[in-house]
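Chain and residue survey
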Amino acid sequence: MNKERSEIENKYKWDLTSLYENDEAWEEDLKKVDEAAMKVAEFQGKLNNAENVLACLEASTALSRLISNLFTFTDDV
């Protein structure tokens, strides 16, 4: 029998407050996705030196973490 999330005791739910304290904080990060993706896209055709490669990898990692956090928090709702 599947229960609704609201029917499950808190001790059996993941504590995701380390990701987002509340839904509003999640919404703020959601607004950042497009900007972060555009930052990665700016490197297209510019990966011709170590500085740009590093900056692209850092931007890509930041975007991946952002999306991962958003997805993880959403999946638990």
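About the cut-offs
Residues numbered from 1 in each chain as written. Predicted model: local features only at pLDDT ≥ 70, side-chain atom pairs only at ≥ 80, totals over all residues. Heavy atoms only, no water. Core = buried A, V, L, I, M, F, W, Y, C linked by side-chain atoms within 4.5 Å. Buried < 20%, exposed > 50% of the residue type's maximum accessible area, 1.4 Å probe, protein only. Helix = DSSP H or I, 4+ residues; strand = E, 2+ residues; numbered from the N terminus. Contact = heavy atoms within 4.5 Å.

As for the nonpolar core
Within soluble globular proteins, side chains that are nonpolar tend to cluster in buried spots. Judged by nonpolar contacts, Leu 16, Tyr 20, Trp 26, Val 33, Ala 36, Leu 63, Leu 66, Leu 70 and Phe 73 together constitute the single largest core of 9 residues. Every element with two or more residues in this core is listed here: α1 (23-41) and α2 (50-75). It is α2 that contributes the most residues to this core, 4 residues altogether. The residues contacting Trp 26, other than those within four sequence positions of it, are Tyr 20, Leu 70, Phe 73 and Thr 74.

Some details on the environment of Ile 67
Relative to the helices and strands, Ile 67 resides in helix α2. For Ile 67, a relative accessible area of 42% gives the class partly exposed. Residues Ile 67 and Glu 35, 32 residues apart in the sequence, show an inter-C-alpha distance of 12 Å.

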